[in-house]
Amino acid sequence: MSSRTAGAGMHPGWRVLTYAILLVAALYYLLPLFVMLNTSLKSLAEIRSGNLLSLPQDPSLAAWSKAWGSACTGISCDGVKGYFWNSVKITVPAVLISTMVGAINGYVLSKWRFRGSNLFFGMLLVGTMLPFQVVLLPMARTLGELGLAGTVSGLIMVHVIYGIAFTTLFFRNFYIGVPDDLVRAARIDGAGFWRIFFRIMLPMSLPIIMVSLIWQMTQIWNDFLFGVVYSSGDAQPITVALNNLVNSTTGVKEYNVDMAAAIIAALPTLLVYVLAGSYFVRGMTAGAVKG
Amino acid sequence: MSRSKFDPQVWLPKLVLAPTMLITLVFIYGFVAWNAYLSFSKSRMLPRYDWAGLQQYERLFSNDRWWVAAQNLFIFGALFIVFCLIVGLLLAIFLDQRIRIEGAIRTVYLYPMALSFVVTGTAWKWMLNPELGLQKLLRDWGFENFTFDWLVNPDMAIYTVVIAGVWQSSGFVMALFLAGMRGIDDSIVKAAQVDGATLPTIYRRIILPNLGPVLFSALIVLTHIAIKSFDLIVALTGGGPGFSTDVPATFVYAYAFTRGQIGVGSAASMMMLMAVVAIIIPYLYSELREKRA
């Protein structure tokens, strides 16, 4: 995994140019984040008199506290805090359940294969590529029948169902790399299905558990489609509330509040990315490329 | 070890997998079939299950807004994919030159991928807003005639979606290419260097031709992101001005859930499924062929 090319043999001028290009690109990627942060710390008057990059003369967290506690999103004016907690209440159980189910599925599909199990895995993989628009209407009807329309529990169910294909994929491909001899030896020693899973497979699964947790967390926290279709009123997740806040047409447009709310909505996934970036990238490549 | 039908080692794995099999059959295959049926029915405000043949598809294909949406997906998809690939590949090549702070730079390039498209859309909507955004910034810097009003210009608004989409996804493509480059056997490159090949030659003749599979994966992922794009458009342009930036995903949402045209909405979603199937089939085909080879 070393850098391949003989960078040392490059002309110094080219080296400087390479660094310059990389830094300009880095500024381009950072610009929107900086602008959001910068705007969120200014007053409305200052936003109008200055420009995107002019620094706040008198930085204030007023927009942040308004975004969190008293900004109007559609009907109510309690800020995004309730919706933030909705997202937490949706994300935590959905991530845990789908990861657990994925781990067990992956174990069966790699170490306890039976006739038809490969075919089933193939059928499940289709779920990772499905454009969800195609199941929106039947699911809406089903949630209605189950009495889960517009609820947090309904969204948890939807996210678990359509997340299992991804988590199963992660664990199955990870466990495929575990030597079958290990399982065979344990069986000869008299260990059964669950014992092998809990004593042998699970203890070595930390990396893939991390990948699965992080992938599912970003997917579910960032979801907008299911949120906007299946939730209403005060059961909405933060992404839907943010969109309502930003696109509400009543009153004065408070850009500083919008930006503070956007950062609040982005904070959990950003934090996960900063703390566990390598797992994040692995999940993205595994989920995206293999899916 | 004789395996009787009553041996838990035989039935337990199947039992454990059964709920997922049921879920997959019902919520993926069953729902797709249900949705397909809706698209052949007379459904409007409410689902109705009387057979209507291709009526809803005829209605869909005679709808101007649908063709705007399809054309937008084509424009957005093509530009989004091409720019992500170019930016991603170039950044990967530059980052592959023994850069001292590579880890930090990679982190910066990739963080947009952790954000929700709604956040991305909100940020770019603010920056592209002609009153107080980039236009004002450039004017403040002395370019007094600088005009950048794509966001509110029906002919240009779709390109703002490309700008924001490329910002969000190009770092990911960079990571894919970089991983691909690092996977190429070092000895080939060393041998070429001994033979006196220059850096551009090494990239052109050895490294890039070896990135075929990565390019293919990136293409699949990006096409998939493009077809599914919904949140970014809702947050950035709301499909407007008018419906000039509608795409199939927003069209489906509008018809199935806000305009009470369930039949047309489900027909449109079937077209999206067809588009995805059209890209999955060559992908599965190549995967299976690799396994056999």
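Definitions and cut-offs
- Residues numbered from 1 in each chain as written.
- Chains lettered and ligands numbered in written order.
- Predicted model: local features only at pLDDT ≥ 70, side-chain atom pairs only at ≥ 80, totals over all residues.
- Heavy atoms only, no water.
- Helix = DSSP H or I, 4+ residues; strand = E, 2+ residues; numbered from the N terminus.
- Rg over C-alpha atoms; globule rule 2.2 N^0.38 Å.
- Buried < 20%, exposed > 50% of the residue type's maximum accessible area, 1.4 Å probe, protein only.
- Contact = heavy atoms within 4.5 Å.
- Areas by Shrake-Rupley, 256 points an atom, 1.4 Å probe, with all protein chains shown as cover.
- Lys, Arg positive; Asp, Glu negative; His and termini not counted.
- Charge placed at Lys NZ, Arg CZ, Asp CG, Glu CD.
- Domains from an automatic or database assignment.
- Buried area = accessible area lost by both parts, 1.4 Å probe.
- Salt bridge = Lys/Arg side-chain N within 4 Å of Asp/Glu carboxyl O.
- Nonpolar A, V, L, I, M, F, W, Y, C, P; charged D, E, K, R; others polar.
- Expected span 1.5 Å × (residues − 1).
- Bend = angle between axes of the 7 residues up to and from the residue.
- Disulfide = S-S within 2.5 Å.
- Polar contact = N/O pair within 3.5 Å; in protein donor to acceptor, adjacent residues only side chain to side chain.
- Axes fitted to C-alpha atoms, helices over the stretch in contact; angles between N-to-C directions.
- Parallel < 35°, antiparallel > 145°, perpendicular 65-115°, else oblique.
- Phe/Tyr/Trp six-rings, centres within 6.5 Å; stacked < 30°, edge-to-face > 60°.
- Core = buried A, V, L, I, M, F, W, Y, C linked by side-chain atoms within 4.5 Å.

Undergrad: Explanation requested: the overall build of chain A in the structure shown.
TA: Across its full length, chain A carries 14 helices and 0 strands. Along its sequence from the N terminus, chain A presents helices and strands in the succession α-α-α-α-α-α-α-α-α-α-α-α-α-α. The C-alpha atoms of chain A give 24 Å as radius of gyration, which overshoots the globular expectation for 291 residues (19 Å, by more than 25%). With the principal axes as the frame, chain A shows a C-alpha extent of 75 × 70 × 30 Å. Expressed as a percentage of its 291 residues, the buried residues of chain A come to 54%. Considering only residue pairs separated by 6 or more positions, chain A has 69% of its internal contacts joining residues 24 or more positions apart. For chain A, the accessible area works out to roughly 12200 Å², and carbon and sulfur atoms hold 68% of it. Across chain A, 19 positive and 11 negative side-chain charges occur, with their mean positions spaced 13 Å apart.

Undergrad: What exactly am I supposed to notice about the domain arrangement of chain A here?
TA: The figure often quoted for interface size is the accessible area lost as the parts come together. Residue and element names in this part refer to chain A. Here the domain parsing of chain A yields domain 1 (7-60) and domain 2 (81-290). Between the C-alpha centres of domain 1 and domain 2 the distance comes to 33 Å. Taken together, the 10 residues of domain 1 in the interface contact 10 residues of domain 2. Summing both partners gives a buried area of about 730 Å² for domain 1 against domain 2, and 81% of it is carried by carbon and sulfur. Per-residue buried area on domain 1 facing domain 2 is highest for M36, S40 and L44; these three make up 57% of the total on that side. Summed over the shared surface of domain 1 and domain 2, the result is 0 salt bridges. Looking at the side of domain 1 that touches domain 2, the element that brings in the most residues is helix α1 (residues 12-40), giving 5 residues. Class assignment of the residues belonging to the side of domain 1 that touches domain 2 gives a composition of 5 nonpolar, 3 polar and 2 charged.

Undergrad: Just checking my understanding: could you explain α1(A) for this structure?
TA: What sets the pattern is the α-helix's 3.6 residues per turn: residues three or four places apart point alike. Residue and element names in this part refer to chain A. An ideal rise of 1.5 Å per residue puts 42 Å on 29 residues; α1 measures up with 41 Å between its terminal C-alpha atoms. Approximately 40 degrees is the largest bend angle found in α1, and it occurs at L30, with the proline P32 only one to four residues beyond. Taken residue by residue, α1 has T18, L22, A25, A26, Y29, P32, V35, M36, N38, T39 and S40 as its buried positions.

Undergrad: How should the state of the cysteines be read in this particular structure?
TA: One way to say it: the disulfide is the covalent bond shared by the sulfur atoms of two cysteines. Residues and elements named next belong to chain A. One pass over the full model with this rule turns up 1 disulfide over all chains. The partner cysteine of C72 in its disulfide is C77, sulfur to sulfur 1.9 Å. Because the torsion about its S-S bond is 105 degrees, the bridge between C72 and C77 counts as right-handed. Exposure remark for C77: the relative accessible area of 37% places this residue in the partly exposed category.

Undergrad: Any chance you could explain the interface of chain A and chain B here in plain terms?
TA: Every contact between the two is made by 94 residues of chain A and, on the other side, 101 residues of chain B. For the pair chain A and chain B, the two sides together bury roughly 9000 Å², of which 72% comes from carbon and sulfur. At the surface where chain A touches chain B, the tally comes to 0 salt bridges. For the pair chain A and chain B, the interface holds 20 residue pairs in polar contact (both at pLDDT 80 or more). Tallying contributions element by element places α1(A) first for the side of chain A that touches chain B, with 16 residues. Looking at the side of chain A that touches chain B, its residues break down into 65 nonpolar, 23 polar and 6 charged.

Undergrad: Sorry if this is basic, but what is going on with the packing of helix α4 (residues 81-111) of chain A against helix α9 (residues 193-201) of chain A here?
TA: Helix-helix packing: each pair is described by the crossing angle between the helix axes and the interaxial distance. Residue and element names in this part refer to chain A. Packing of α4 against α9 leaves a shortest axis separation of 12 Å and a crossing angle of 110 degrees. Taken together, α4 and α9 sit at an angle that is classed as roughly perpendicular. For the pair α4 and α9, contact is made by A103, I104, Y107, V108 and K111 and by F193, W194, I196, F197 and M201, respectively. Along the lines of polarity and charge, the residues of the contact of α4 with α9 split into 9 nonpolar, no polar and 1 charged.

Undergrad: I'm lost on the packing of aromatic side chains in this one. Help?
TA: The description of an aromatic ring pair rests on the distance of the ring centres and on the angle between the ring planes. All names here are of chain A. One pass over the full model with this rule turns up 39 aromatic pairs over all chains. When the ring of F84 is compared with that of W85, the centres are 5.5 Å apart and the planes differ by 90 degrees; the resulting orientation is edge-to-face. For F84, a relative accessible area of 14% corresponds to the buried category. A relative accessible area of 45% places W85 in the partly exposed class.

Undergrad: In this structure, what is going on with the pattern of salt bridges? I would like to understand it.
TA: Opposite charge on two side chains permits them to pair, given that their charged atoms come into close proximity. Residue and element names in this part refer to chain B. Here the structure, examined in full by the defined rule, presents 9 salt bridges over all chains. Put simply, R106 and E102 hold a salt bridge, and the shortest N to O gap is 3.0 Å. A residue pair is termed a helical-turn pair when its members lie 3 or 4 positions apart in one helix, as R106 and E102 do in helix α4 (residues 102-110) at 4 residues. The buried category is assigned to E102, whose relative accessible area is 11%.

Undergrad: Explanation requested: the nonpolar core in the structure shown.
TA: Grouped burial of nonpolar side chains is what soluble globular proteins tend to show. Counting 156 residues, the largest nonpolar core has M139(A), Y162(A), Y230(A), F80(B) and Y109(B) as the members making the most contacts within it. It is helix α7 (residues 157-182) of chain B that contributes the most residues to this core, 14 residues altogether. Discounting chain neighbours no more than four positions away, the residues touching M139(A) are M157(A), V158(A), I161(A), Y162(A), Y230(A), F27(B) and F31(B). Listed in part, the 28 residues of the second largest apolar core include V108(A), F120(A), V178(A) and W215(A).

Undergrad: Explain the domain arrangement of chain B to me, please; I cannot follow it from the model alone.
TA: All names here are of chain B. Looking at chain B, the domain boundaries give domain 1 (1-39) and domain 2 (55-292). Relative placement of domain 1 and domain 2: their C-alpha centres are 36 Å apart. Contact residues are listed per partner, giving 5 residues for domain 1 and 9 residues for domain 2. Carbon and sulfur atoms supply 62% of the area that domain 1 and domain 2 bury against each other, a total of about 490 Å² over both sides. Ranking the residues of domain 1 by area buried against domain 2 places N35, L38 and S39 at the top, with a combined share of 79%. Between domain 1 and domain 2 we count 3 residue pairs in polar contact (both at pLDDT 80 or more) in total. Looking at the side of domain 1 that touches domain 2 residue by residue, the class counts come to 3 nonpolar, 2 polar and no charged.

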